[in-house]
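Listed here are the chains, written in short residue letters.
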Amino acid sequence: MSTANVNASTNIAEAGGGEILVRQLELHGVDTVFMVPGESFLPCIDALSTRQQRIRTVTCRQEGGAAYAAEAYGKLSGKPGVCFVTRGPGATNASIGLHVARQDGTPMILFVGQIGSDTTERACFQEVDYRQMFGPVAKWVAQIDRTDRIPEFVARAFAECRSGRPGPVVLALPEDTLWGNAAVADVAPFERAHPRPHAGEIARLEELLAKAERPFVIAGGTGWTDSARADLAAFAERFDLPVGVSWRRHEVFDNRHPNFAGHVGYGTDRALAERIAKADLLISVCSRLDEPTTEGYKLVESPLPRQTLVHIHPDGNELGRVYRPALAINADPVGIAGALAQMRPAAPVRWAGLAKAANADYQRSRIAPDCDSALDMSRICLHMADVLPEDTFVSVGAGNFALFPHRFMQFSHLGTQASPICGSMGYGLPAAIAAKLAFPERETIAFAGDGCFQMTMQEIGTAVQQRLGIVILVCNNQAWGTIRAHQEREYPARSFALDLENPDFAALARSYGVSGEVVEKTEDFAAAFQRARDYAGKNQRPALIELRYDVEYITPDTRLSQITAAAQAANA
């Protein structure tokens, strides 16, 4: 591969495909790349090796972990998370991260090595048509068949993944494209546009507020900035509006703010659910109002909500798709926040005190219920909320264990929380790795269930290799807890195939050369947690605590035996 030739007519140096592609990443502001190496994109790996001071390359242990980490990095940084995987098996493993990015609205670009164009349509070694494979999951899937078109395709990928409702893009890289040479100009980075409401829409919103008696705001989505959050909070204060956050979007509104009403999703506090159901005006700020947020489209019915619905969303195709709103506004968080900042109530609001009452309900929901278990997950999460700095990052995987941190911990800043909206297991540890790389100065905590953790636990090796001081909490109830709860509702006292025989997770951590402890009593947690934090901070290595608790305590408020008894009574 020669990089010395110069095209005389353009005075652009000829370069190899891998060099051209990585040059575009640098131009577009990429500072971190996650990957599992593959021979199909060796020219890219070589080009990355020459930019180690500008682009950090994080080698993961499995493509699912790499894709999760890239998705989390995109979610936290606001820039597209970038992941490289090899063809065939590498791409299929990485698909889980694409699904998270699509459901969560996260900007992400997945580069997939591809067979050479001279062997297509022969079902050759690891051949896959990625347009067919990823078409339903990604916003755009393409294959770069010419070396000289790499800058064009990469520039479009950055535009596509960030425009409207953000999401993942897939670019396949045939071997002959990467090993080919071309003299081609770079394409300048994409400047994201922020759709904004027009004056008539804001006037209509003011009219609806003036007529309301029980308004409620649900904030969610991606693309929030500190100033947009501040504008939303000031709007809520001026109009005395209670604000809830949609499913796993805790960080878009300060949970310590006096107008905060709580987390809306699976495990929603019943007083909060009733408040939303009885609202006469519901303002959804950039949330899709998805199935978890609406409790299966019951709190907000589809297609005709009981509430007067103002639906604000950055993707115009989302508006009117599931719900028929009274007012639809095509705007992203930056665009709508700027408009809300200008709004003032024309007269004293008739619902004065509504936000205070909603916040009082939220504060009550954070009181730990009575629990006779030796290890009480509610009190453990409350302790963490008390002792951790407000800018601590917390990742939460998928499973019933997630209901505890989501209910009892609090998030006051952007970049302090990441959870998969689609409920994808194995997310917690890779997301924590991404967060610690993005915010090395912050403490970083990963929550994982025992089943959840075992899907990506090999990424401990990635954290060790990257010298990342994160604390991993493995919530071990020796079961697929969420499925067990569903099974008891449908087939009471007939549990089957849901028990887990687990390893000693603390010993597993120690085998990686890092700290590992087991905690089985609530009173032992505080000291163990402090030791883990101290170890992670001092040694820049992970510290793991295995929390062993009884599967009977399936949610903060519900016992598994209660679910079984209720199902048996209903079937009697």
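Residues numbered from 1 in each chain as written. Predicted model: local features only at pLDDT ≥ 70, side-chain atom pairs only at ≥ 80, totals over all residues. Heavy atoms only, no water.

Going by the annotation in an unreviewed UniProt entry, the name recorded for the chain is Thiamine pyrophosphate-binding protein, with Falsochrobactrum shanghaiense given as the source organism. Turning to the chain, the UniProt annotation filed under Sequence similarities (unreviewed entry) states: "Belongs to the TPP enzyme family." (UniProt positions renumbered as here; feature names shortened; annotations may be inferred.)

Asker: Can you tell me about the overall build of the chain, naming the residues and giving the values?
Answerer: Secondary structure summary: the chain contains 21 helices and 22 strands in total. In summary, the chain has a C-alpha radius of gyration of 25 Å against a globular reference of 25 Å for 572 residues, a match within 12%. With the principal axes as the frame, the chain shows a C-alpha extent of 75 × 60 × 50 Å. Residue pairs in contact within the chain that sit at least 24 positions apart in sequence constitute 77% of those at least 6 positions apart. Of the roughly 22,300 Å² of accessible surface on the chain, a fraction of 49% belongs to carbon and sulfur atoms. The average position of the 56 basic charges and that of the 66 acidic charges among the side chains of the chain differ by 3 Å. (Helix = DSSP H or I, 4+ residues; strand = E, 2+ residues; numbered from the N terminus. Rg over C-alpha atoms; globule rule 2.2 N^0.38 Å. Contact = heavy atoms within 4.5 Å. Areas by Shrake-Rupley, 256 points an atom, 1.4 Å probe, with all protein chains shown as cover. Lys, Arg positive; Asp, Glu negative; His and termini not counted. Charge placed at Lys NZ, Arg CZ, Asp CG, Glu CD.)

Asker: Give a detailed account of the domain arrangement of the chain, specifying residues and quantitative values.
Answerer: The domain boundaries assigned to the chain delineate domain 1 (15-182), domain 2 (199-363) and domain 3 (368-571). Domain 2 and domain 3 are separated by 30 Å when their C-alpha centres are compared. Residue-level contacts link 18 residues of domain 2 with 20 residues of domain 3. Roughly 1,600 Å² is buried in total at the junction of domain 2 and domain 3, and carbon and sulfur atoms are behind 46% of that figure. Three residues, Arg248, Glu251 and Arg256, lead the burial of domain 2 against domain 3; their summed loss comes to 47% of the area buried on that side. Where domain 2 packs against domain 3, one counts 1 salt bridge. Where Glu390 meets Arg256, a salt bridge forms, and the shortest distance between an N and an O atom there is 3.6 Å. Counting across the interface, domain 2 meets domain 3 through 12 residue pairs in polar contact (both at pLDDT 80 or more). (Domains from an automatic or database assignment. Buried area = accessible area lost by both parts, 1.4 Å probe. Salt bridge = Lys/Arg side-chain N within 4 Å of Asp/Glu carboxyl O. Polar contact = N/O pair within 3.5 Å; in protein donor to acceptor, adjacent residues only side chain to side chain.)

Asker: Outline the pairing of strand S5 (residues 56-59), listing residues and values.
Answerer: Note: strand S4 (residues 32-35) against S5, 4 bridges, orientation parallel. Across the sheet, residue Met35 finds its bridge partner in S5, namely Thr59. The parallel pair S4 and S5 is bridged by helix H2 (residues 42-49), and the resulting crossover is right-handed. (Pairing = 2+ DSSP bridges. Right-handed = clockwise from strand over helix to strand, strands pointing away.)

Asker: I'd like a description of the sheet that holds strand S20 (residues 471-476), backed by residues and values.
Answerer: The pairing of strands in a sheet happens through backbone hydrogen bonds and is either parallel or antiparallel. Spatially, 6 strands are ordered S18-S17-S19-S20-S22-S21 in an open sheet, and the strand pairing comes out parallel. Each of the sheet's edge strands pairs with one partner strand only, and the pair in question is strand S18 (417-418) and strand S21 (515-519). As judged from the 4 bridges shared by strand S17 (residues 393-396) and strand S19 (residues 444-449), these two strands associate in the parallel manner. Bridged to Val396 within S19 is Phe447. The strands touched by helix H20 (residues 525-539) are S19, S20, S21 and strand S22 (543-548); relative to S22, the strand with the most contacts, the crossing angle is about 160°. (Axes fitted to C-alpha atoms, helices over the stretch in contact; angles between N-to-C directions.)

Asker: A description of the packing of aromatic side chains should follow, citing residues and the corresponding values.
Answerer: Overall, the coordinates contain 13 aromatic pairs when judged by the stated rule. Measuring from centroid to centroid gives 5.1 Å for Trp247 and Tyr266, while their planes differ by 70°, and the two rings are edge-to-face. In this pair, Trp247 sits in the loop between strand S12 (243-245) and strand S13 (260-263) while Tyr266 sits in the loop between S13 and helix H10 (270-278), placing the two residues 19 residues apart along the sequence. Taking relative accessible area as the criterion, Trp247 reaches 6% and is therefore assigned buried. A relative accessible area of 41% means that Tyr266 is categorised as partly exposed. Three or more aromatic residues joined by ring pairs make a cluster, and in this case those are Phe41, Phe84 and Phe111. The ring centre of Phe439 lies 4.1 Å from the NZ or CZ of Arg442, which sits over that ring. (Phe/Tyr/Trp six-rings, centres within 6.5 Å; stacked < 30°, edge-to-face > 60°. Buried < 20%, exposed > 50% of the residue type's maximum accessible area, 1.4 Å probe, protein only. Lys NZ or Arg CZ within 6 Å of the ring centre and 35° of its normal.)

Asker: Can you tell me about the sheet that holds S4, naming the residues and giving the values?
Answerer: The strand order across the open sheet formed by 6 strands is S5-S4-S6-S7-S9-S8, and the pairing between neighbours is parallel. Looking at strand neighbours, the two that pair on one side only are S5 and strand S8 (140-143), the edges of this open sheet. Going across the sheet, the axis of each strand differs from the next one's by a mean of 20°, ignoring polarity. Where strand S7 (residues 108-114) lies against strand S9 (residues 168-174), 7 bridges are found, and the strand directions are parallel. Residue pairing for S9: Ile109 is matched across the bridge by Val169.

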